[in-house]
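Understanding the architecture of this molecule
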Amino acid sequence: MVLMPREGDWFDEGRLREVVEALASGRMRFHEAERALGNSNAAALARRLALERMYGVSLSSIGSTIIDFEEVVGRNIENPIGAVQVPLGVAGPLRVEGDYASGDYYVPLATSEGALVASINRGAKAVTMAGGARAKVLRDGMARAPVFWTPSLVEARRLVEWVMSRLGEVREAAEATTRHGRLVEVQPFQAGNMVWLRFVYHTGDAMGMNMATIATDAAVEYILAHYPGEARLVAISGNLCTDKKPSAVNLICGRGKTVTAEASIPADVVRDVFRVDPADIEFVNRAKNLLGSAVAATLGGFNAHIANIVAAVFLATGQDMAQVVESSMGYTWVEARKDGSLYISVTLPSLEVGTVGGGTRLPTQREALALLGVAGGGDPPGANARKLAEIIAATVLAGELNLLAALAANELARAHRLLGRGEARRKK
Ligand code: NAP
């Protein structure tokens, strides 16, 4: 285990003091601490001590971390001073039967929202008692869409047609940059003289945003070098990708994994676990998730709280937190069936997840992935990321089911009083 260096430890204490002094007085810029001390852990300590001096605060909790900044600077963070800690809970066992996931899982959830883990846990109980959730990845592709300028709409159309006629060469250029990235398709969009080419890739077990960007950069280089007409790149990301913004293009065309999960819960399980009837849950779903969301004109938010579950799993497993924006779009569908059972499904069109790259290599996040049996590359490549997507979809299903049931039983405020404001603890 590597700890943050302490004063007088394995580096020059006098030099550390000088650097802290230089940082606090503004004579040295924060990003220069690494070069001055020759070590990222020492630099993190120096920046933290300088901030403590400048603002008269203690940052000792932030400084207490197992992260070895020698491993993460240059990959995951710049100017580190320590780490924040978020409580981690588990919901489970949750039975999942997918094409990649199969078994009972304890799902790691990082959150500070009291009642969230308990809520998912109760949903997981009902789903597992009912035999589990079935899950399936329907579509898989990470998108990057550069925007091009051309002089006219005729020239813009010519560019699109030329690229579509040269897909073999464009693919070769893109795929030369990666062992795992495969260009699946190029989706063209045009507005007047402007062109967007939405490159969609299979990215193995990586979420794939760097991979897709690097591959697209090479594809664009090929296009601009060989296209006989007039065109220039405006930006490698033209917002039709769409990364970290709510958008209909991701909702309809998908981005990352389009994944769906379903469960059929017998009436007696619904009544035992939730103390309501299937028809009560169905009606809440219609009134809230469907009509309520329509009246609110929500973009892809026809659900109760998918973002809660997606954010908690993302934080626990090292996903890119800003992608919660599009990854938590989704639909929840409920039927009270004639045989008395409750059918529920969730569909997430744009779940962007990986098990290699980005924050998945950090030590606690990697352990959380290992708990689900998906740390690192899968066999075949891509299997781990799809398995993670299936588990997340099943967890979302459990969370949606429980919240709808809690609303049907009018239990929500009580649960949050007990578990979000500590009243359950005080009662003990
Ligand atoms: P990455 O770590 O940049 O790339 C994945 C790496 O893992 C590649 O070098 C790949 O090699 C390798 N790899 C090894 N085994 C693999 C396997 N089984 N499947 C897939 N790849 C495997 O990760 P990324 O997912 O492309 O990018 C994620 C990062 O991008 C995150 O940190 C995120 O915050 C950031 N991000 C970037 C942008 C952007 O515009 N660039 C936007 C949003 C987020 P090969 O390439 O040779 O296959």
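For clarity, every value in this text was computed on a predicted model and none was experimentally measured.

Thoughts on the pattern of salt bridges
- The full count for this structure, using the stated rule, is 22 salt bridges.
- We note a salt bridge from Glu-155 to Arg-158, for which the minimum N-O separation is 2.7 Å. In this pair, Glu-155 and Arg-158 both sit in helix 7 (residues 153-165), three residues apart, roughly one turn of the helix.
- Take Glu-155: its relative accessible area is 8%, and that puts it in the buried class.
- A residue is classified by how much of its surface remains accessible, and Arg-158, at 45% relative accessible area, is partly exposed.
- Put simply, Asp-243, Arg-255, Glu-326 and Glu-352 are held in one network by salt bridges that share partners.

Quick notes on the pairing of strand 2 (residues 102-110)
- As paired strands, strand 1 (residues 88-97) and strand 2 are joined by eight bridges and run antiparallel to one another. Looking at the pairing, Arg-95 lines up with Asp-104 of strand 2.
- Once strand 1 ends, the chain turns through four residues before running back antiparallel as strand 2.

Description of the site of the ligand
- The full set close to the ligand counts 22 residues, and Arg-144, His-180, Gly-208, Met-209 and Asp-320 are the nearest of them.
- At 2.6 Å, a side-chain N or O of His-180 approaches an oxygen atom of the ligand.
- Residue Gly-208 places a main-chain N or O atom 2.6 Å away from an oxygen atom belonging to the ligand.
- Within the complex, the protein chains bury 72% of what would otherwise be the 930 Å² of accessible surface of the ligand.
- Per-element accounting of the shell around the ligand gives the leading share, four residues, to helix 9 (residues 209-226).
- Grouping the amino acids of the shell around the ligand by side-chain chemistry returns six nonpolar, 10 polar and six charged.

Digging into a nonpolar patch on the surface
- A contiguous nonpolar patch, built from Val-84, Val-86, Leu-315 and Met-321 and spanning about 330 Å² of accessible area, is present on the exposed surface.
- Mapped onto the secondary structure, Leu-315 falls in helix 13 (residues 306-317).

A word on the nonpolar core
- Counting residues in each nonpolar core, the largest one holds 58 residues, and the members touching the most others are Phe-274, Ile-281, Val-310, Leu-351, Ile-392 and Leu-401.
- The element contributing the most residues to this core is helix 16 (residues 383-408), with 13 residues.
- Filtering out sequence-adjacent residues up to four positions away, Phe-274 remains in contact with Arg-122, Gly-123, Ala-126, Val-269, Ile-281, Leu-401, Asn-402, Ala-405, Ala-409 and Glu-411.
- Ranked by size, the runner-up nonpolar core spans 25 residues in total, among them Trp-162, Val-186, Tyr-201 and Ile-223.

Describing the packing of helix 8 (residues 167-175) against helix 9
- The geometry of helix 8 relative to helix 9 is characterised by a closest axis approach of 7 Å and an angle of 135° between their N-to-C directions. Classified by the interaxial angle, the pair formed by helix 8 and helix 9 is oblique. Relative to helix 9, the crossing made by helix 8 is right-handed. Packed against helix 8, whose contacting residues are Glu-169, Val-170, Ala-173 and Ala-174, the element helix 9 presents Ala-215, Ala-218, Ala-219, Tyr-222 and Ile-223 at the interface.

About the criteria used
- Residues numbered from 1 in each chain as written.
- Predicted model: local features only at pLDDT ≥ 70, side-chain atom pairs only at ≥ 80, totals over all residues.
- Heavy atoms only, no water.
- Salt bridge = Lys/Arg side-chain N within 4 Å of Asp/Glu carboxyl O.
- Helix = DSSP H or I, 4+ residues; strand = E, 2+ residues; numbered from the N terminus.
- Buried < 20%, exposed > 50% of the residue type's maximum accessible area, 1.4 Å probe, protein only.
- Pairing = 2+ DSSP bridges.
- Near = heavy atom within 4 Å.
- Polar contact = N/O pair within 3.5 Å; in protein donor to acceptor, adjacent residues only side chain to side chain.
- Areas by Shrake-Rupley, 256 points an atom, 1.4 Å probe, with all protein chains shown as cover.
- Nonpolar A, V, L, I, M, F, W, Y, C, P; charged D, E, K, R; others polar.
- Patch = residues over 30% accessible without salt bridge, like charges linked within 9 Å, V, L, I, M, F, W, Y side chains within 5 Å.
- Core = buried A, V, L, I, M, F, W, Y, C linked by side-chain atoms within 4.5 Å.
- Contact = heavy atoms within 4.5 Å.
- Axes fitted to C-alpha atoms, helices over the stretch in contact; angles between N-to-C directions.
- Parallel < 35°, antiparallel > 145°, perpendicular 65-115°, else oblique.
- Left-handed = near helix turned anticlockwise from the far one by under 90°.

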